[in-house]
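# Fold and contact review
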Amino acid sequence: MTITVEQIKLIIAGAEETLRLLLNQPEYHEIASSEKFVTQNELGLADAIQALNEVYRAIEESEYDMVNNLPRYQLDT
């Protein structure tokens, strides 16, 4: 199976949108406010949304750099 960059971006964007919908649900807030709701790194749904957004932006920046033949990072020496 081959997956395109556009498909990857669609999957990430869809997952982000789904998590945003969950974040706005009272049921999620009820779960997250429970004393028993503990994550290993103290991360929550908002952190997952932010991470997906950063990955999406990084893919877009990489695409732009590749199309324009720009180096991703330039080190000062």
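Note: the structure precedes this text.
All figures in this text were calculated on a predicted structure; none of them were measured in a lab. (Residues numbered from 1 in each chain as written. Predicted model: local features only at pLDDT ≥ 70, side-chain atom pairs only at ≥ 80, totals over all residues. Heavy atoms only, no water.)

On to helix H3 (residues 45–67). Counted at 1.5 Å a residue, the expected span for H3 with its 23 residues is 33 Å, and the 33 Å between its end C-alpha atoms agrees. Where H3 is concerned, the buried positions are Leu45, Ile49, Ile59 and Asp65. Elements that come into contact with the buried residues of H3 comprise helix H1 (5–23) and helix H2 (26–32). Positioned one or two residues after H3, Asn69 has a phi angle of 55°, which is positive. (Helix = DSSP H or I, 4+ residues; strand = E, 2+ residues; numbered from the N terminus. Expected span 1.5 Å × (residues − 1). Buried < 20%, exposed > 50% of the residue type's maximum accessible area, 1.4 Å probe, protein only. Contact = heavy atoms within 4.5 Å.)

Once that is clear, we can look at a nonpolar patch on the surface. A cluster of nonpolar side chains, contributed by Ile3, Ile8 and Ile11, occupies part of the molecular surface with about 240 Å² of accessible area. Residue position: Ile11 is located in helix H1. A relative accessible area of 53% places Ile11 in the exposed class. (Patch = residues over 30% accessible without salt bridge, like charges linked within 9 Å, V, L, I, M, F, W, Y side chains within 5 Å. Areas by Shrake-Rupley, 256 points an atom, 1.4 Å probe, with all protein chains shown as cover. Salt bridge = Lys/Arg side-chain N within 4 Å of Asp/Glu carboxyl O.)

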